[in-house]
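Observations on the three-dimensional arrangement
This is what each chain is made of:
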Amino acid sequence: MENEFYTAFLESAEKAIAEGSAPRSFQLKNDPLPDSVCNGHTLDRFRSALSKSIENLDEELSRFEKMFSSKHNAVFWASDYNDVFESLKKLLKLHKIKSVRLPNINASTVFRELGIKYFLRDQKIELSDEGDMQFFVADMMFSDTGSLLLLNQTNKGLERLTNNKINVFFATIDCIVGNSDWAEVFQQLTSYNTGCGSQDMLVFRGSANCNNYLFIIDNQRTNLLQFKDLRQSLTCLNCGRCSDVCPVYQTIGDEPYNNVFAGPVANITLPYLETVESYRHVAYACTLCGRCEEVCPISLPVRDMIVDSRQVLLANDGVDKNDRRRLAAIRKFSSNRKKMNGYNLLKRHVLLKYLSSDYRKSHHLIPFSKETFNKSYKKFTENGKGFPEAGV
Ligand code: SF4
Ligand code: SF4
């Protein structure tokens, strides 16, 4: 019977999408895969290339560094924004920099993550189109050629890239793939985020007449590497398709966590990129409906990762080993529909039996509702009213 409800819901949603009357939460801004470059086979290969890079991140990064540095470019490793700022201060001093040219700061998550605007303001560095030094965000690093992918740069920015004396690039450690042939696929998939079709792209291999510095920034991303089931979240392209169809995210909107990271994948990554204490709750801001996975071009298993993340958080939540064993027994008991339709007294007895008194001191036992779902459902369908809608 539940399946019938679900099928009817999906049918009405699909009909609304076809008629164009669907709420925004059911619509993508444009064709999710706009070009023949992105056919199923190519996407499968791209996904495994990204995945391979994350699984062998240390090797990929050192291969990249070797290639990039061989062209007289310099790499700075930064574990967090303090490292970035310390080295940047030295660079500004070394080159006697008074002004910096920044691309559109509000469009760049990396610049916002670092708070680069405030750093430059504190250093009394002027922002100018003709700045002595130019900053870029590298959207991808290619370890085979030691080159950088730059998307959506203005003509002026690109012109100055080869003529300007000092260029500083910023990339995060997860933006790496082993082969520069993936540049076009990456560009096409991430164009969705810009909302204006294809974006300009340049694969930058260095320029002999410039000083090129690259900051490779961790900022806690390596925290995710320790969890085998969660580290694939680092392959996310940040294309934004999933945010456009996620019912939760569409309801709570834009930057709900007071953080530059938002959207379905932030549900997985935020507790590790920030602190578990402050962001544990975001792992629960998900109904596990799976819409995000349907539109994800690289088929990230978002739901599985969210469930895994909840388990990891629970396992580190001050619950001791014995209680975890007991909780597993309770989970088994509570997934038995027959048992859950039984008497509340019996169910409570099972909870009390399995949970230690220490656990009960620090956790509330949630009371069972007086009537089970099955009983309520039967009652409503028998009296011909149908099941009430939420909030009625
Ligand atoms: S599974 Fe979760 S994150 Fe994905 S669309 Fe549904 S509610 Fe959003
Ligand atoms: S999870 Fe998939 S759809 Fe969502 S931003 Fe990442 S790559 Fe895009």
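Scroll up for the structure.
Computed from a prediction, not measured in an experiment: that's the story for all the values here.

1. Quick look at the overall build of the chain
The number of helices and strands found in the chain is 19 helices and ten strands. Evaluated residue by residue, the chain yields a buried proportion of 28% over its 392 residues.

2. Some thoughts on the nonpolar core
By size, the foremost hydrophobic cluster in this structure holds 71 residues, and its most contacted members are Ala138, Met140, Met141, Phe169, Phe170, Ala171 and Val302. Here this core spans two domains, since at least three of its residues come from each of domain 1 (36–219) and domain 2 (229–315).

3. Remarks on the packing of helix H11 (residues 264–273) against helix H14 (residues 302–315)
The interhelical angle for the contact between H11 and H14, taken along N-to-C directions, is 25°, at an axis separation of 9 Å. Classed by the angle they form, the pair H11 and H14 counts as roughly parallel. Of the two possible hands of crossing, H11 and H14 adopt the one that is left-handed. Residues Pro264, Val265, Asn267, Ile268 and Pro271 of H11 pack against Val302, Met305, Ile306, Ser309 and Leu313 of H14. Of the residues in the contact of H11 with H14, the class split is eight nonpolar, two polar and no charged.

4. A short note on the site of ligand 1
Looking at ligand 1, there are 15 residues lining it, with Cys246, Pro264, Cys286, Cys289 and Cys292 nearest. Of all the elements in the fold, those that place two or more residues in the shell around ligand 1 are helix H10 (247–252), H11, helix H13 (291–295) and H14. Counting residues per element, the shell around ligand 1 draws most heavily on H10, which supplies three residues. Of the residues contributing to the shell around ligand 1, the split by class is ten nonpolar, three polar and two charged.

5. Examining the site of ligand 2
In the vicinity of ligand 2, 15 residues are found, and the nearest of them are Cys236, Cys239, Arg241, Cys242 and Cys296. Mapped by element, the contributors of at least two residues to the shell around ligand 2 are helix H9 (241–245), H11 and H13.

6. A word on the sheet that holds strand E9 (residues 201–204)
Spatially, the four strands line up as an open sheet ordered E8-E5-E6-E9, and their pairing is mixed. Taken across any chain shown, the strands that pair with only one partner, and hence form the sheet edges, are strand E8 (176–177) and E9. Pairing of strand E5 (residues 140–142) with strand E6 (residues 147–151), which is carried by three bridges, proceeds in the antiparallel orientation. Residue Phe142 lies in a different strand from E6, and its bridge partner there is Ser147.

7. Here we look at the environment of Asn211
Relative to the helices and strands, Asn211 resides in strand E10 (residues 211–217). Sequence separation between Asn211 and Asn167 is 44 residues; the distance between their C-alpha atoms is 6.2 Å. Contacts of Asn211, omitting those with residues within four sequence positions, involve Lys165 and Ile166.

8. So, the sheet that holds strand E4 (residues 133–137)
Across the sheet, which stays open at both edges, the six strands sit in the order E1-E10-E7-E4-E2-E3 with parallel pairing between neighbours. The sheet is open, and its two edges are formed by strand E1 (74–78) and strand E3 (126–127), each paired on a single side. In this fold helix H3 (residues 57–69) packs onto E1 and E10, with an angle of close to 150° to the strand it touches most, E1. This element, helix H4 (residues 81–94), spans E1, strand E7 (166–172) and E10 of the sheet and lies at about 145° to E1.

9. Considerations on unusual backbone geometry
Phi at Asn219 is positive, roughly 45°, even though this residue is not glycine. Note on placement: Asn219 falls in the loop between E10 and H9. By the C-beta count within 10 Å, which is 19 here, Asn219 ends up partly exposed. Residues other than glycine seldom take positive phi values, yet Leu288 does so here, at roughly 60°. By secondary structure assignment, the location of Leu288 is in the loop between helix H12 (276–279) and H13. Overall, the presence of 10 C-beta atoms within 10 Å leaves Leu288 in the exposed class.

10. Overview of H4
The end-to-end C-alpha distance of H4, which contains 14 residues, comes to 20 Å, matching closely the 20 Å that a straight helix rising 1.5 Å per residue would cover. For H4, the complete set of buried residues consists of Val84, Leu88 and Leu92. Buried residues along H4 cover an arc of 65° about the axis, so they all sit on one side. Within H4, the exposed residues directed more than 90 degrees away from the buried face are Asn82, Glu86, Lys90, Lys93 and Leu94. The inward-facing, buried residues of H4 contact E1, helix H5 (109–114) and E10. One or two steps after H4, the chain reaches Lys96, where phi turns positive at roughly 50°.

Scoring rules and cut-offs
Residue numbers here run from 1 along each chain, matching the order of that chain's written sequence. Going through the entries in the order they are written, you letter the chains from A and number the ligands from 1. The predicted origin of the model limits local features to residues at a pLDDT of at least 70 and limits the giving and counting of side-chain atom pairs to 80 or more, whereas totals for whole chains, interfaces and linings rest on all residues. In this text, helices come from DSSP runs of H or I with a minimum length of four residues, and strands from runs of E with a minimum of two, each type numbered from the N-terminal end. Counting other C-beta atoms within 10 Å of its own, a residue is labelled buried from 20 upward, exposed at 12 or fewer, and partly exposed in the gap between, with every C-beta atom placed from the backbone. In this usage, the nonpolar core is the set of buried Ala, Val, Leu, Ile, Met, Phe, Trp, Tyr and Cys residues whose C-beta atoms join them within 7 Å. Where each domain starts and ends follows an automatic or database-derived domain assignment. Every axis corresponds to a line fitted to the C-alpha atoms, with the helix fit spanning only the stretch in contact, and the corresponding angles, defined between N-to-C directions, vary from 0 to 180 degrees. Any angle from 65 to 115 degrees is called roughly perpendicular, while one under 35 is roughly parallel, one over 145 is roughly antiparallel, and all others are oblique. A clockwise turn of the near helix away from the far one marks a right-handed crossing, whereas an anticlockwise turn of less than a right angle marks a left-handed crossing. Once C-beta atoms are placed from the backbone, any two residues with those atoms within 7 Å are in contact. Under this grouping Gly is polar, as are all residues other than the nonpolar Ala, Val, Leu, Ile, Met, Phe, Trp, Tyr, Cys and Pro and the charged Asp, Glu, Lys and Arg. The criterion for a residue being near a molecule or strand is simple: its C-beta atom, placed using the backbone, must lie within 6 Å of it. Only strands joined by at least two bridges in the DSSP assignment are considered to pair. Expected span of a helix, by definition, is 1.5 Å for each gap between consecutive residues, and there is one gap fewer than residues. Read the arc as the range of directions from the helix axis to the C-beta atoms.

Remember, this is a structural readout, not a statement about activity or role.
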